[in-house]
Every structure is written in structure tokens, then in C-alpha cells.
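Read off the chains here:
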Amino acid sequence: MTQRYPVPLSDVLVAAAGVLQEMEGRCAELQEALSPAMTAGARPMALQDLDYVTQGLASLSYFLASLSERLPREWAADALAVAEALPLEDVAAALSLAPVPVRAGAGELELFE
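Residues numbered from 1 in each chain as written. Predicted model: local features only at pLDDT ≥ 70, side-chain atom pairs only at ≥ 80, totals over all residues. Heavy atoms only, no water.

## What to know about the overall build of the chain
Logical step 1: Scanning the chain from terminus to terminus reveals 4 helices and 2 strands.
Logical step 2: Each of the 113 residues in the chain was classed as buried or not, and the buried ones make up 28%.
Logical step 3: Within the structure as shown, the chain displays about 8200 Å² of accessible surface, and the carbon and sulfur contribution to it stands at 61%. (Helix = DSSP H or I, 4+ residues; strand = E, 2+ residues; numbered from the N terminus. Buried < 20%, exposed > 50% of the residue type's maximum accessible area, 1.4 Å probe, protein only. Areas by Shrake-Rupley, 256 points an atom, 1.4 Å probe, with all protein chains shown as cover.)

Set out below in C-alpha cells:
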């Protein structure tokens, strides 16, 4: 099904909140994986910085999701026009409300250009 544009701005904010929530989860996994190495390293404050980023992503996600509930449904935007300029395809697809492209399977290395 093809998405019609413009789309309700509240839907775009919910999509953005979802992207931030996914990034928060990735940061939490990074914290867990890197914690032993970072606490033994010369810069243990880096782990605290990563924790702050993780909490910030969670806060931004909550903010956008909550804000979306307060916007009139008739407020619309052409999210596709803006999202097309984003370098990460899955983020662009999510924010344009398009189907998310298939990603590499779990455990597969994904390299970015």
C-alpha cells in the first residue's frame, strides 16, 4: 500500500519516537557490552556519557510520543520529502511512514558507508 502525503504530523512524531526508542535499546545493549572494557580503561566517564545518551533518547522518545497525542489530526506534513535526505534507509523509511527495509539478520555484520 502506498502512503499518501502529506501525513498527520502526529503520526510522524510517533514514528520518530519509535526510532528514538530503538536507538535507546541499542545504546543500552552497548552499555552492557562495553561496560567491562570501559570500567577497566582510562576513561570510565565514557560509560556515564553513554548512559546519559541512552536516558536522553528515552526522554526524547517519550516527549515526542506524548506531544503527538496533543496535536490536531489535521496538522499534516510531507515527511517523505524531508526523510529522503537521511543517510540511514531504515530511519528514513520509518520517518516517512514507509515500509521499513529488510535488515541484516541477527548476528550479521552490517557496515555503513
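Having seen the model, we can carry on.
## Quick word on the environment of serine 66
Logical step 1: Structurally, the position occupied by serine 66 is in helix 2 (residues 45-68).
Logical step 2: For serine 66, a relative accessible area of 15% corresponds to the buried category.
Logical step 3: Through-space distance from the C-alpha of serine 66 to that of leucine 13 is 9.0 Å; in sequence the pair is 53 residues apart.

## Comments concerning the nonpolar core
Logical step 1: With 15 residues, the main nonpolar core has Val19, Leu64 and Leu95 as its most contacted residues.
Logical step 2: When contributions to this core are tallied by element, the ones reaching two or more residues are helix 1 (9-40), helix 2 and helix 4 (89-95).
Logical step 3: Leucine 64 has contacts with Leu13, Ala16, Ala17 and Leu20, leaving out every residue within four places of it along the chain. (Core = buried A, V, L, I, M, F, W, Y, C linked by side-chain atoms within 4.5 Å. Contact = heavy atoms within 4.5 Å.)

## Some details on unusual backbone geometry
Logical step 1: At leucine 97, a position not held by glycine, the phi torsion is positive, near 65 degrees.
Logical step 2: Note on placement: leucine 97 falls in the segment after helix 4.

## Considering the environment of leucine 13
Logical step 1: Mapped onto the fold, leucine 13 is located in helix 1.
Logical step 2: Looking at leucine 13, the relative accessible area reads 14%, which means it is buried.
Logical step 3: What leucine 13 contacts, discounting residues up to four positions off in sequence, is Leu64, Leu67, Ser68 and Leu71.

## A few points about the pattern of salt bridges
Logical step 1: Counted by the stated rule, this structure contains 2 salt bridges.
Logical step 2: Across the pair aspartate 11 and arginine 73 runs a salt bridge, and its minimum N-O distance is 2.6 Å. You can see aspartate 11 sitting in helix 1 and its partner arginine 73 sitting in the loop between helix 2 and strand 2 (76-77), a full 62 residues away along the chain. (Salt bridge = Lys/Arg side-chain N within 4 Å of Asp/Glu carboxyl O.)

## Regarding helix 2
Logical step 1: Taking 1.5 Å per residue as the helical rise, helix 2 with its 24 residues ought to reach 34 Å, and the 35 Å between its terminal C-alpha atoms agrees with that figure.
Logical step 2: Listed as buried for helix 2 are Ala46, Leu47, Leu50, Thr54, Leu57, Ser61, Leu64, Ser66 and Ser68. (Expected span 1.5 Å × (residues − 1).)

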